[in-house]
Amino acid sequence: MRTLTRRILRTLVLLLAVDLAVVATAAFLLTPWLAPVRDAVAARLPFGAASTRIAWWLAVLLPALVAFVWAQLRYTRTQTMAEVDAREVGPEAYPDLHERVRRLAQLADVEPPRLAVADSAVPNSFAIGTLGGATVVVSEGLLSTLDGDELNAVLAHELAHVANRDATVMTLASFLPSLTDGEYDPLGDRFPGGSRYAVGAVALVVAYAASARLLDAPLGSLSFTLGFLFLFACTVLVGGVALGAFTAPVVVLGRSLSRAREFAADRSAARLTGDPAALATALETLDGTGDDRPAADKRRAYAGVQGLCLLPYGFGDGTSSVVTETRSHPPTEERVERLRAVAREMEAGSV
């Protein structure tokens, strides 16, 4: 577990480093337009010649990094929940589910997460994390397929992801690959229909006017317009190439963590419930259900909701369109065998 904790922490630090690189690159590309903000802050700092560099951090980089991380987690949670048609539910609608999670969370010494139920007959579950807390999502199919100790074991598995913080890390790791692949469109989602084009046009006009301090030509002239278009095209081109380059390490980081986190969550759930056989049976039951499951083996595919789920076949109905570029899951047979090993250790009194 300590090895996994170090790996999760290392992955988080590296993801934040990539995010900082993205923000710094964007700030560099937008320097012509952001320079007035930097200079205004630098003029109020008592650090002499170093004020300009410090102003970049205080006025641009650090606020942008915090906002970028927050936006990634919030947006990814919203998109993932919408993709599986999940809704948050209270104890009045699902009292037994809430009671199970509350009791297990108390045993695990974690804050009970929010609960959501996906309108899907495919039995599955996943946990997703944000800065404001975690959400555990289960399908209607899971609740109708499992009960008793087996359902507790699956919920304990998801709580382990919450307790280990890997749910938040994997949520963060999902954003850049999905954005690069075109699966995410934050501007289009925020401004649907033709409104996004209106927003884009306004932004372009503002940038055009702000370029007057950069280009040595009369505002509105042909030479000024051509210079602006060249500057804008270079910014977009270099930004696109940089985004693709920064996405590659995120993919590698997600792949390196995904298999280990599933094994760790299985083991933690077995120890929390004291019944490794219950989770093993649940995995075998769920892996054996499903004419609704895709025929292709998703364990070696890169998939978003699938990559987050208890088992790698998502919730059906095309949920693969949310892309988290991670190597999804170890084989169920290997997970079951490891759970049986945990059971033997517990019987021998070594756990």
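First, a word on what this report is: a plain description of the structure on this page.

Attention shifts here to the layout of surface pockets. Its boundaries defined by the atoms lining it, the largest pocket holds a volume of some 840 Å³. Along the walls of the largest pocket sit 23 residues, with Ala26, Leu29, Leu30, Thr235 and Gly239 positioned nearest its centre. Elements supplying a minimum of two residues to the lining of the largest pocket: helix H1 (2-29), helix H3 (51-83), helix H8 (175-180), helix H10 (195-210) and helix H11 (222-273). The leading source of residues in the lining of the largest pocket is H11, at eight residues. In terms of residue class, the lining of the largest pocket is built from 18 nonpolar, five polar and no charged. If you go around the second largest pocket, you meet 21 residues; those closest to its centre are Thr130, Gly133, Ala134, Arg165 and Thr168.

Unusually for a residue other than glycine, Asp85 sits at a positive phi of about 55°. Inspection of the secondary structure assignment puts Asp85 in the loop between H3 and strand E1 (86-88). A relative accessible area of 47% places Asp85 in the partly exposed class. The backbone of Asp109 shows a phi angle near 60°, a positive value even though the residue is not glycine. Tracing the chain through its elements places Asp109 in the loop between helix H4 (95-108) and strand E2 (114-118). Overall, the relative accessible area of 71% leaves Asp109 in the exposed class.

Taken as a whole, this structure holds five aromatic pairs when the rule is applied. Seen in terms of ring centroids, Tyr208 and Phe228 are 5.2 Å apart; in terms of plane orientation they differ by 85°. Their pairing is edge-to-face. Here the residue Tyr208 occupies a position in helix H10, and Phe228 occupies one in helix H11, the gap between them amounting to 20 residues. By relative accessible area, Phe228 is classed as buried at 3%. Pairwise contacts between aromatic rings join Tyr208, Phe224, Phe228 and Phe232 into one cluster. Arg338 extends its terminal NZ or CZ atom over the ring of Phe263, reaching a point 3.6 Å from the ring centre.

A packed helix pair is summarised by two numbers, namely the angle formed by the two axes and the spacing between the axes. Where helix H7 (residues 166-173) contacts H11, the two axes come as close as 10 Å, and the packing angle between them is 150°. In terms of axis orientation, H7 runs roughly antiparallel to H11. Between H7 and H11 lies a crossing of left-handed hand. Two secondary-structure elements touch here, H7 through Asp166, Ala167, Val169, Met170 and Ala173 and H11 through Val250, Gly254, Leu257, Ser258 and Arg261. In terms of residue class, the contact of H7 with H11 is made up of six nonpolar, two polar and two charged.

With that settled, the discussion passes to helix H12 (residues 276-288). With 13 residues, H12 should cover 18 Å at 1.5 Å per step; its first-to-last C-alpha distance of 18 Å lies within 8% of that length. Looking only at H12, the buried set comprises Pro276, Ala278, Leu279, Ala280, Ala282, Leu283, Leu286 and Asp287. Next to the buried residues of H12 lie helix H5 (140-145), helix H6 (148-164), H11 and helix H14 (332-347).

Before going further, it helps to examine the pairing of strand E3 (residues 125-130). With six of six residues buried, E3 lies mostly within the body of the structure. Both faces of E3 are covered, namely the face carrying Ser125, Ala127 and Gly129 and the face carrying Phe126, Ile128 and Thr130. When E3 meets strand E4 (residues 133-139), the two strands line up antiparallel, connected through six bridges. Note on E4: the bridge partner recorded for Ala127 is Val136.

What the four strands build is an open sheet, ordered E1-E2-E4-E3; its pairing is mixed. One side of each edge strand has no neighbouring strand; the edge strands of this open sheet are E1 and E3. Across this sheet, the average inter-strand angle for adjacent strands is 25°, counted without regard to direction. Across the face of the sheet, H3 comes into contact with E1, E2, E3 and E4 while running at roughly 155° to E3.

Calculation rules
Residues numbered from 1 in each chain as written. Predicted model: local features only at pLDDT ≥ 70, side-chain atom pairs only at ≥ 80, totals over all residues. Heavy atoms only, no water. 1 Å grid on protein atoms, 1.4 Å probe; cavity = no way out; pocket = protein on both sides within 12 Å on 5 of 7 lines; lining within 4 Å. Points joined across faces, edges and corners; volume = space filled by probe spheres on them. Helix = DSSP H or I, 4+ residues; strand = E, 2+ residues; numbered from the N terminus. Nonpolar A, V, L, I, M, F, W, Y, C, P; charged D, E, K, R; others polar. Buried < 20%, exposed > 50% of the residue type's maximum accessible area, 1.4 Å probe, protein only. Phe/Tyr/Trp six-rings, centres within 6.5 Å; stacked < 30°, edge-to-face > 60°. Lys NZ or Arg CZ within 6 Å of the ring centre and 35° of its normal. Axes fitted to C-alpha atoms, helices over the stretch in contact; angles between N-to-C directions. Parallel < 35°, antiparallel > 145°, perpendicular 65-115°, else oblique. Left-handed = near helix turned anticlockwise from the far one by under 90°. Contact = heavy atoms within 4.5 Å. Expected span 1.5 Å × (residues − 1). Pairing = 2+ DSSP bridges.

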